[in-house]
Amino acid sequence: MSRATEESNRRMLRARDAMDRSYAEPLDVAELARIAHVSPAHFIRTFRATFGETPHRYLQRRRVERAMFLLRETDAPVTEICFAVGFGSHGTFSRTFRDIVGQSPSEYRAQSPRLGAPSCFVRAWTRVSSEQFRRSGRTPGSVG
């Protein structure tokens, strides 16, 4: 691997780590591109080439994964979970959740018993693949 490729990968990892840390906060491509020290257009292209999905898809998937955990492991209302994971409206949250998971948040909660396993195993078992997201038909747009 060339030094330039390695440096590019590190920059993308920094941006992805920022997304993982701040998934519930409003994020935009320009801010993430600044973290990676590249232009917004270059950031989107390079992120997709590096991780196989756009920044928007990655962030949506991470938010839905966290919502899945909260729906399984807490009794918090769906609307509260929606805002806790970074969605701006209950409708957008429900539509995105259904597109990715295949059922509404309430249906998911009703059919998903709490798992008595370490959280690292639960995350691995319930991680939404980028292929599932791709099949959902979501289109790239703003990251948030």
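Our structure is the block above this text.
Residues numbered from 1 in each chain as written. Predicted model: local features only at pLDDT ≥ 70, side-chain atom pairs only at ≥ 80, totals over all residues. Heavy atoms only, no water.

Participant: An account of the nonpolar core is requested, with residue identities and associated values reported.
Facilitator: Met19, Phe43, Ile81, Val85, Phe93 and Phe97 are the most contacted members of the largest nonpolar core, which totals 29 residues. Looking at this core, the element that brings in the most residues is helix H4 (residues 55-73), giving 7 residues. (Core = buried A, V, L, I, M, F, W, Y, C linked by side-chain atoms within 4.5 Å. Buried < 20%, exposed > 50% of the residue type's maximum accessible area, 1.4 Å probe, protein only. Helix = DSSP H or I, 4+ residues; strand = E, 2+ residues; numbered from the N terminus.)

Participant: Before we move on, can you summarise the environment of His37 with the specific residues and values?
Facilitator: When you line up the elements, His37 lands in the loop between helix H2 (29-36) and helix H3 (40-51). On the basis of relative accessibility, which here comes to 56%, the residue His37 falls in the exposed class. Along the chain, His37 and Arg11 lie 26 residues apart, while their C-alpha atoms are 7.2 Å from each other.

Participant: Kindly report on the packing of aromatic side chains, identifying the contributing residues and their values.
Facilitator: Scanning all chains against the criterion turns up 6 aromatic pairs. Judged by centre distance (5.6 Å) and plane angle (50°), the ring pair of Phe43 and Phe47 falls under tilted. Taken together, the residues span about one helical turn, with Phe43 and Phe47 both in helix H3 at a distance of 4 residues. When its relative accessible area of 0% is taken as the criterion, Phe43 is described as buried. A ring pair is formed by Phe93 and Phe97, whose centres lie 5.7 Å apart and whose planes are at 55°; its orientation type is tilted. You can see Phe93 and its partner Phe97 sitting in helix H6 (residues 90-101), 4 residues apart, about one turn around the helix. Across this residue pair, the class does not change: Phe93 and Phe97 are buried. Every member of this aromatic cluster is reached through a ring pair, and the members are Phe43, Phe47, Phe51 and Tyr58. Note that Arg63 overlies the ring of Phe87, its terminal NZ or CZ placed 6.0 Å from the centroid. (Phe/Tyr/Trp six-rings, centres within 6.5 Å; stacked < 30°, edge-to-face > 60°. Lys NZ or Arg CZ within 6 Å of the ring centre and 35° of its normal.)

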